[in-house]
Amino acid sequence: MEQFSVAFFEENFLQFAKQNSDVFSKHQAMNNYYVSMVSTIINDNINKNSELVKRIRNLDTAYQKVRKH
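Residues numbered from 1 in each chain as written. Predicted model: local features only at pLDDT ≥ 70, side-chain atom pairs only at ≥ 80, totals over all residues. Heavy atoms only, no water.

Moving on, we come to unusual backbone geometry. Of note, Phe 4 is a non-glycine position whose phi angle comes to about 70°, a positive value. As for its placement among the helices and strands, Phe 4 is situated in the segment before α1 (6–19). (Helix = DSSP H or I, 4+ residues; strand = E, 2+ residues; numbered from the N terminus.)

Let's shift gears to the side chain of Asn 58. Looking at the element boundaries, Asn 58 is found in helix α3 (residues 49–67). Apart from residues no more than four positions distant in its own chain, Asn 58 is found in contact with Phe 4, Ser 5, Val 6 and Phe 9. (Contact = heavy atoms within 4.5 Å.)

Phe 9, Phe 13, Tyr 33, Met 37, Ile 41 and Leu 59 are the most contacted members of the largest nonpolar core, which totals 14 residues. If you list the elements that add at least two residues to this core, you get α1, α2 (26–43) and α3. Tallying contributions element by element places α3 first for this core, with five residues. Among residues more than four places away in sequence, those in contact with Phe 13 are Met 30, Tyr 33, Tyr 34, Leu 59, Ala 62, Tyr 63 and Val 66. (Core = buried A, V, L, I, M, F, W, Y, C linked by side-chain atoms within 4.5 Å. Buried < 20%, exposed > 50% of the residue type's maximum accessible area, 1.4 Å probe, protein only.)

A few words now on the packing of aromatic side chains. Applying the stated criterion across every chain yields a total of seven aromatic pairs. Summarising the aromatic geometry, the rings of Phe 13 and Tyr 33 are spaced 4.9 Å apart at their centres and angled 70° between planes, so their arrangement reads as edge-to-face. Here the residue Phe 13 occupies a position in helix α1, and Tyr 33 occupies one in helix α2, the gap between them amounting to 20 residues. A relative accessible area of 1% places Phe 13 in the buried class. Taking relative accessible area as the criterion, Tyr 33 reaches 10% and is therefore assigned buried. Grouping aromatic residues by their ring pairs yields a cluster made of Phe 13, Phe 16, Tyr 33, Tyr 34 and Tyr 63. Geometry around Phe 4 places Arg 55 over its ring, the cationic atom sitting 3.9 Å from the centre. (Phe/Tyr/Trp six-rings, centres within 6.5 Å; stacked < 30°, edge-to-face > 60°. Lys NZ or Arg CZ within 6 Å of the ring centre and 35° of its normal.)

Here it is as structure tokens:
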């Protein structure tokens, strides 16, 4: 699985929600992971803006897919 792909983020959303199910609802866990990843991606020292956009777009696509299930 390619790092920062939609499938990568989908799996991480599901894992994070499962690991924190005793503390957060699925929706809360997903929001927590989303905010954490956006902060991490934005603060990453990537010189290519297109790569930042791709990662955030993949994160958002994965969020939308997992949220619907």
